[in-house]
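Spelled out, the chains give:
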Amino acid sequence: MFKVATWNINSVRLRLPLVLRFLEEYQPDVLCLQETKCPDDQFPTAAFRKIGYGHIALHGQKGYHGVATISRLPLELAERRSFCGLNDCRHLSTLVDVDGRQVLLHNFYVPAGGDEPDPDINPKFRHKLDFLQEMREVRPVLNANTGTILVGDLNVAPLESDVWSHKQMLNVVSHTPVETEGLETIRKGGGWVDLMRRHIPPEEKLFTWWSYRAKDWSLSNRGRRLDHIWSSDDLAPALTRVDVLRDARGWDRPSDHVPVIAAFG
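Cut-offs applied
Residues numbered from 1 in each chain as written. Predicted model: local features only at pLDDT ≥ 70, side-chain atom pairs only at ≥ 80, totals over all residues. Heavy atoms only, no water. Pairing = 2+ DSSP bridges. Helix = DSSP H or I, 4+ residues; strand = E, 2+ residues; numbered from the N terminus. Axes fitted to C-alpha atoms, helices over the stretch in contact; angles between N-to-C directions. Expected span 1.5 Å × (residues − 1). Salt bridge = Lys/Arg side-chain N within 4 Å of Asp/Glu carboxyl O. Buried < 20%, exposed > 50% of the residue type's maximum accessible area, 1.4 Å probe, protein only. Core = buried A, V, L, I, M, F, W, Y, C linked by side-chain atoms within 4.5 Å. Contact = heavy atoms within 4.5 Å. Phe/Tyr/Trp six-rings, centres within 6.5 Å; stacked < 30°, edge-to-face > 60°. Lys NZ or Arg CZ within 6 Å of the ring centre and 35° of its normal.

Colleague: Help me understand the sheet that holds strand β14 (residues 260–264), please; the structure alone is not making it clear to me.
Modeller: Taken together, the six strands give an open sheet; going across it, the order is β3-β4-β2-β1-β14-β13, and neighbouring strands pair in mixed fashion. Strand pairing shows two members of the sheet lacking a second neighbour, β3 (55–59) and β13 (239–244), which therefore form its edges. Strand after strand, the sheet turns through a mean of 10° between neighbouring axes, direction not considered. Relative to strand β4 (residues 67–71), β3 runs antiparallel, the two being bridged by five bridges. Along β4, the bridge assignment pairs A57 with T69.

Right under this line is the structure:
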């Protein structure tokens with residue numbers, strides 16, 4: 001059994017108790033965090049090592065963005081890739097040794113894109129579209145010795161069932177056609193398998209994010225599936241389950257995202 005989790009934590013230092021609680025309760029082998037908002041030299045490494053997660057790769061910066069991969073299995077840094085000519089710490093790839101076979105694990109934090117879905121007047125949305133365009137270059141490794149997994153906050157809800165209202169969200173950043181089609185082009189063109197939708201039927205509503213703006217996020221349930229776990233085709237048959245920890249949205253001082261876990265056996 002191998003378990004990998006992804007979670008946009010929205011400040012790892014602020015929500016460190018939540019991350020430690022999650023690791024102790026759910027025991028993933030690897031946890032990929034996004035939006036850590038933490039320079040590498042200030043990352044709370046000791047706290048993770050204390051509970052058995054001694055292998056850590058970082059790509060962080062002060063106050064913004066940042067990704068981290070935390071593992072209890074041997075971990076080797078593969079790449080910190082920059083996108084769109086910027087060094088804004090949105091990607092990290094590592095090699096994880098799983099029972100003698102290597103897994104190349106990509107950890108992504110795609111730009112949110114701002115509020116206005118028009119690249120001509122909103123530079124944040126232009127950045128997002130350019131980032132997605134460059135992501136097409138990231139493809140699974142095609143050899144028998146290495147499987148590939150891609151996880152992260154991709155900030156796009158691609159399917160109609162990935163948002164609370166497809167009709168009302170069509171002109172809202174994260175579910176506009178240019179974004180959803182762009183993400184599906186990356187996935188299909190790279191031969192990636194959407195593991196969450198392999199395990200949970202595409203017609204079922206599935207969310208990983210609920211806005212802080214909602215007075216009662218659970219009651220209104222106006223969520224979006226912004227967090228994803230993909231794999232190379234060779235790993236997909238080994239998938240045994242996917243868990244979206246909705247309850248974590250109700251923890252004390254939570255992130256607006258919840259953890260997602262994929263288990264292979």
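There's more to say after this.
Colleague: I keep staring at helix α5 (residues 177–190) and nothing clicks. Help me out?
Modeller: Along an α-helix, a turn takes 3.6 residues, which lines up residues three or four apart on a common side. Here α5 is 14 residues long and its end C-alpha atoms lie 19 Å apart, about the 20 Å a rise of 1.5 Å per residue gives. Looking one or two residues beyond α5, the residue adopting positive phi is G191, at roughly 75°.

Colleague: Help me understand the pattern of salt bridges, please; the structure alone is not making it clear to me.
Modeller: Between side chains of opposite charge, a pair can form as their charged atoms come close. Taken as a whole and judged by the stated rule, the model has 14 salt bridges. When the shortest N-O distance is used, the salt bridge between E35 and K37 registers 3.6 Å. Among the residues examined, K37 registers a relative accessible area of 24% and is labelled partly exposed. For the salt bridge of D194 with R225, the shortest nitrogen-to-oxygen distance reads 3.0 Å. Of the two residues, D194 sits in strand β9 (residues 193–194) while R225 sits in the loop between β11 (223–224) and β12 (227–231), which places them 31 residues apart along the sequence. Residues D194 and R225 agree in their burial class; the two are buried. Here the residues in one salt-bridge network are D162, D194, R197 and R225, joined through shared partners.

Colleague: Even after reading the chapter, I still don't get unusual backbone geometry, so can you show me in this structure?
Modeller: A positive phi is found at H65, a non-glycine position, where the angle reads about 55°. Phi is positive for C84, which is not a glycine, with a value near 60°. Mapped onto the elements, C84 comes out in the loop between β5 (75–79) and β6 (91–98).

Colleague: So what exactly am I meant to see when it comes to the nonpolar core here?
Modeller: In summary, soluble globular proteins display a tendency toward joint burial of nonpolar side chains. Counting 28 residues, the largest nonpolar core has F2, V4, L105, I149 and F264 as the members making the most contacts within it. Where this core is concerned, the elements lending two or more residues are β1 (2–8), β2 (30–34), β6, β7 (101–109), β8 (146–153), α6 (195–199), β13 and β14. Filtering out sequence-adjacent residues up to four positions away, V4 remains in contact with V30, L105, I149, I229, V260, I261, A262 and F264. If you look at the next biggest cluster of nonpolar residues, it comprises 27 residues, including A5, V19, C38 and W210.

Colleague: Just to check I follow, could you spell out the packing of aromatic side chains for this structure?
Modeller: To describe a pair of aromatic rings, you give the distance between the ring centres and the angle between the ring planes. This structure, assessed with the given rule, holds eleven aromatic pairs. Ring geometry for W7 versus F22: centroids 5.5 Å apart, planes at 65°, classification edge-to-face. Taken as a pair, W7 in strand β1 and F22 in helix α1 (residues 16–26) lie far apart in primary sequence, 15 residues in all. By relative accessible area, W7 is classed as buried at 0%. The exposure class assigned to F22 is buried, which follows from its relative accessible area of 0%. One aromatic cluster is present, formed by W7, F22, Y26 and W251 through successive ring pairs. We note R21 situated over the ring of W251; from NZ or CZ to the ring centre the distance is 3.9 Å. It is R222 that lies over the ring of W164; its NZ or CZ is 4.1 Å from the centre.

Colleague: Looking at this structure, how should I read the sheet that holds β6?
Modeller: Within a sheet, neighbouring strands are paired by backbone hydrogen bonds and run either parallel or antiparallel to one another. Pairing within the open sheet is mixed, and its six strands lie in the order β5-β6-β7-β8-β12-β9. Of all strands in the sheet, those bounded by a partner on one side alone are β5 and β9. Bridging between β5 and β6 involves four bridges; their strand directions are antiparallel. The partner of L75 across the bridge, within β6, is V96. Seen against the sheet, α5 touches β9 and β12 and runs at an angle of roughly 20° to β12.

Colleague: So what exactly am I meant to see when it comes to the environment of L170 here?
Modeller: In this structure, L170 sits in the loop between α4 (166–169) and α5. Classification of L170 as partly exposed rests on a relative accessible area of 35%.

Colleague: Help me understand the side chain of S232, please; the structure alone is not making it clear to me.
Modeller: Among the secondary structure elements, S232 is positioned in the loop between β12 and β13. Residue S232 is classed as buried on the basis of its relative accessible area of 3%. Discounting residues that sit within four places of it in the chain, S232 has contacts with P140, G147, T148, W192 and V193.

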